[in-house]
Amino acid sequence: MTADSNDPPATEPFVAHGPARRSGSILLVLLIATGIVAVAVWLMTIGRTQAQPYILFVLALLATVGLFNLFALAAGIIRFSDRTSDDPVMGRIADHAHEGLVVTDSRGHVVYSNAAYLTLTGAAGPQDVRPVERVFIGNPDVSEAVFRLLKAAREGKRQQEEVRVAGHEAGQGGGQGRWLRLRVRPLGEGKRDAKYAVWSIADVTRDRERQEDVFQELRHAIEYLDHAPCGFFSVNPAGEIAYVNATLANWLDYDLAEIGSGGLKLTDIVSGDGAALLTSIAAVPGEVKTEVFDIDLRMRGGKTVPVRLYHKLAFGADGAAGASRTLVISRARDEHSDPERAAEVRFMRFFDHTPMAIATVDRGGNVVGANARYAKLAQGLNSDGGAAKSIFRAVNPRDRGLLIAAINQAAEGQGDIAPVEAMLDGPKERSAQFFVTTVEKDERDAETAIVYMLETTERRALENQINQSQKMEMVGQLAGGIAHDFNNVLSAIMMANDFLLNAHKPTDPSFQDIMQIKQNATRAATLVRQLLAFSRRQTLRPQVLDLGDALSDLTMLLRRLIGEKVKLDLVHGRDLWPVKVDVSQFEQVVVNLAVNARDAMPDGGKLIIRTVNVPTEEAAQLANKGMPAADYVKIEISDTGTGIPHEIIDKIFEPFFSTKEVGKGTGLGLSTVYGIVKQTGGFVYVDSVPGGGTTFRIYLPRHHQEQEVAPEAHAGNGAAKEAAATDAAKPKPDLTGQGTILLVEDEDGLRSLNARGLRSRGYSVIEAANGVEALEAFEENNGKVDLVVSDVVMPEMDGPTLLKEMRSRNAELKIIFVSGYAEDAFEKSLPENQQFAFLPKPFTLTQLVAAVKETMTAN
């Protein structure tokens, strides 16, 4: 029979065996057959008089067929279905499947079930079949799973659940519970509005029991492994401990629960560089390698345990290492019971713990054996692990020939092979010293030489730092000495020039030439001050200031200096600590660095000046060499210019070193910065990336107000310093005076000019070439001297010694020291609380007479 229009589409065939469907079909056939019989009887009755005989014959035949179909259906010979199955074989398979199958419509009514479903659900027959949700009603654990299945069925999704049911629920007469796997899927995969759902029920009790048996066996194996008389651990390729058995955890005094939570690395339990031995095994794709190592494991408290490791490592087809399987055997008993074994253990401990990398190599440089230090060093060189295989790969190609020659000498049996200094091959610049020794002749087939390698990177860096410091100190002393002598010459030139200017009117033809001499002398004096700044021998006038305010005052000047192409950004830190610096010298530092930054950005860029406090804790963590931990204020000056090449960055603070064209720089800009910062007690460092810009970091010590002391009447407070600072200071209206001045100067020409200038202002001058002559002149005049003007550095007796001798005779004697060096250079050689004025060379006549008048009139 053909299914009606309400049946499922032809793409979803199934055979309906439900009693409702069968009863409807029987009723339909019965009605049709009864109708035919009734019509036939009626026609036969009427046909006795009217119907043709052949018509009666046809009707009788149809009635007979209808009754036959009725009896055949009742007997089960004919079965009606909603449609003829497209695949009767699949239908028979479903009927006889071991899994229980049931099909429900959208209302949850059962439209098909196989025999296995009836058995598993305990149904008495087809009339007793129930949908899955009604089979397990009343069991809350199963009901939750069934609810999830029903939800999936409504949403057109697949779902699977495994549930444990009591014996009677599982189709058993009682007794032990069973495990069932429940599945559901829609007919028409992925259709949310599917009209039919296919359910399956399978008894998986035996599978569960087998899994439980396997789990129990595994648990017993783990329990045995945990309590075995030897240790065991597994480490993954990242160096993390994946497993440690209880025995090893007990040896190392670790809690198993703590290790299981992760975070423990191989380097945490292996002493020294031993971990490098385990992670440096050469990869062989597709093979499994087992190595034996005698090393020390480190306990939680820091003590060590001597052990022998059987380290098994499997490599994949791509050469990648998997997790290790490592057996650990304690060597403590061996050291006591077997003297020969104990000696071997002691040697291996010595061999692996020596701070020198050791490797035995063949003639081709291939590593035959190595200690832990070499294995660790090799790991930090080539990314492909080449240094672990060949010692030649550990050396930079440019120095490799030296080591090859040394190993060839060892192969020929030569002794006293000279050490090899070489750069190592790796991402960072590292150096090492190689000591090569030959082995016994009969052992040279396998091993040609023993190579001892000592890394010298830190030693070289320290040597370079000391050499650079000594060179800077020597250059500074030279520059300071030249500046001192040159100051005497400049003082004489400037003093004579003043005499010429006083003798000529501006209208004289030679007046402009005299002014040119003065201007060039002033320019020379500026160069000398820069040399003194580098040598840290210039005179500073420090004062407490806020760097933020000082830099803000410089903003307009800096913008004019760097031009419109360069953008200036000032980033001030909050609540900056005060510092004590010479304002003019600090401004010179910033200006010099800003000008250099401008020159490094010819096409424009950005100049950033940042200030920030650096507390002691942060300073201690910085990698700045030579800078002690303390409170600092940092000034960071960064540009986006061309940067400084690495090969010259160590020379930039040297005087007269310049990368600019001839005539465009003196080479004293950065050396001046270095000297000023150092003399202030600060530190300066530079970082630069060629093509990526340069950053100068200046650290100035924080000034504490409690460091301030009451001002004393000495050079830093006298008017002589004010007059000596600059020609721009307005002189007193009257610079003439009276009194006797003892002038002490070892330069005859300069002394004569100074004396002439003082006499021209009304003073009586007594001249002396050194301290001894000055004392004699002082005695000849019975100490009747109003003021002593003395050089500091002189033959026979210097200025500080002269001051002590004269003050012993006249404690109230006033004195002015003149020098090309800073007053700090000799102030420490004076007794405490000594008062004096100071006038730095070179100076003009106006500055000299102003300093003299101010000192003589001061109380």
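Heads up: the structure comes first, above all this text.
What counts, and at which threshold
- Residues numbered from 1 in each chain as written.
- Predicted model: local features only at pLDDT ≥ 70, side-chain atom pairs only at ≥ 80, totals over all residues.
- Heavy atoms only, no water.
- Helix = DSSP H or I, 4+ residues; strand = E, 2+ residues; numbered from the N terminus.
- Buried < 20%, exposed > 50% of the residue type's maximum accessible area, 1.4 Å probe, protein only.
- Contact = heavy atoms within 4.5 Å.
- Areas by Shrake-Rupley, 256 points an atom, 1.4 Å probe, with all protein chains shown as cover.
- Core = buried A, V, L, I, M, F, W, Y, C linked by side-chain atoms within 4.5 Å.
- Phe/Tyr/Trp six-rings, centres within 6.5 Å; stacked < 30°, edge-to-face > 60°.
- Pairing = 2+ DSSP bridges.
- Axes fitted to C-alpha atoms, helices over the stretch in contact; angles between N-to-C directions.

Draft legend 1. Region of interest: the overall build of the protein. The secondary structure content of the protein amounts to 28 helices and 27 strands. Out of the 859 residues in the protein, the part that is buried amounts to 42%. Once local pairs closer than 6 in sequence are excluded, the contacts in the protein between residues at least 24 apart make up 62%. Accessible surface, the protein: about 46,500 Å² in total, of which carbon and sulfur atoms supply 53%.

Draft legend 2. Inspection of the nonpolar core at higher detail. Counting residues in each nonpolar core, the largest one holds 42 residues, and the members touching the most others are Phe586 and Leu607. Among the elements that make up this core, the one with the highest residue count is helix H20 (residues 583-599) (eight residues). For Phe586, the contacting residues outside a window of four places in its chain are Leu547, Ala550, Leu551, Val581, Ile635 and Leu700.

Draft legend 3. Representation of unusual backbone geometry in the model. In this model, Lys841 is joined to Pro842 through a cis peptide bond whose omega is -5°. Topologically, Pro842 is positioned in the loop between strand E27 (837-840) and helix H28 (845-857). The backbone of Asp575 sits at a positive phi, close to 50°, despite the residue not being glycine. On the accessibility criterion, Asp575 (66% relative accessible area) is exposed. The backbone of Glu796 sits at a positive phi, close to 70°, despite the residue not being glycine. Mapping Glu796 onto the fold places it in the loop between strand E25 (787-791) and helix H26 (799-809).

Draft legend 4. A look at the packing of aromatic side chains. Applying the stated rule across the entire model yields five aromatic pairs. On the numbers, 6.1 Å between centres and 70° between planes, the contact of Tyr685 with Tyr699 is edge-to-face. Of this pair, Tyr685 sits in strand E21 (residues 683-689) while Tyr699 sits in strand E22 (residues 693-701), and the two are 14 residues apart along the sequence. As far as the burial class goes, Tyr685 and Tyr699 line up, both buried.

Draft legend 5. Focus on the side chain of Asp498. Along the chain, Asp498 falls in helix H17 (residues 457-503). With residues up to four places along the chain from it excluded, the contact list for Asp498 reads Lys518, Thr844, Leu845 and Thr846.

Draft legend 6. Quick peek at the sheet that holds strand E9 (residues 304-314). Taken together, five strands build an open sheet; the order of strands is E7-E6-E10-E9-E8 and the sheet is antiparallel. Each edge of the open sheet carries a strand with a single partner, namely strand E7 (241-244) and strand E8 (288-298). Across the sheet, the mean angle separating the axes of adjacent strands is 25° when strand polarity is ignored. Across six bridges, the pairing between E9 and strand E10 (residues 325-330) is antiparallel. Following the sheet pairing, Leu309 is matched in E10 by Val328.

Draft legend 7. Representation of the pairing of strand E11 (residues 357-361) in the model. Among the five residues that make up E11, five are buried, leaving the element largely enclosed by the rest of the structure. Note: E11 against strand E15 (residues 449-455), five bridges, orientation antiparallel. The residue of E15 that forms the bridge with Thr360 is Ile450. Between the end of E11 and the start of strand E12 (residues 367-370), which pair antiparallel, lie five residues, with Gly365 showing a positive phi angle near 85°.

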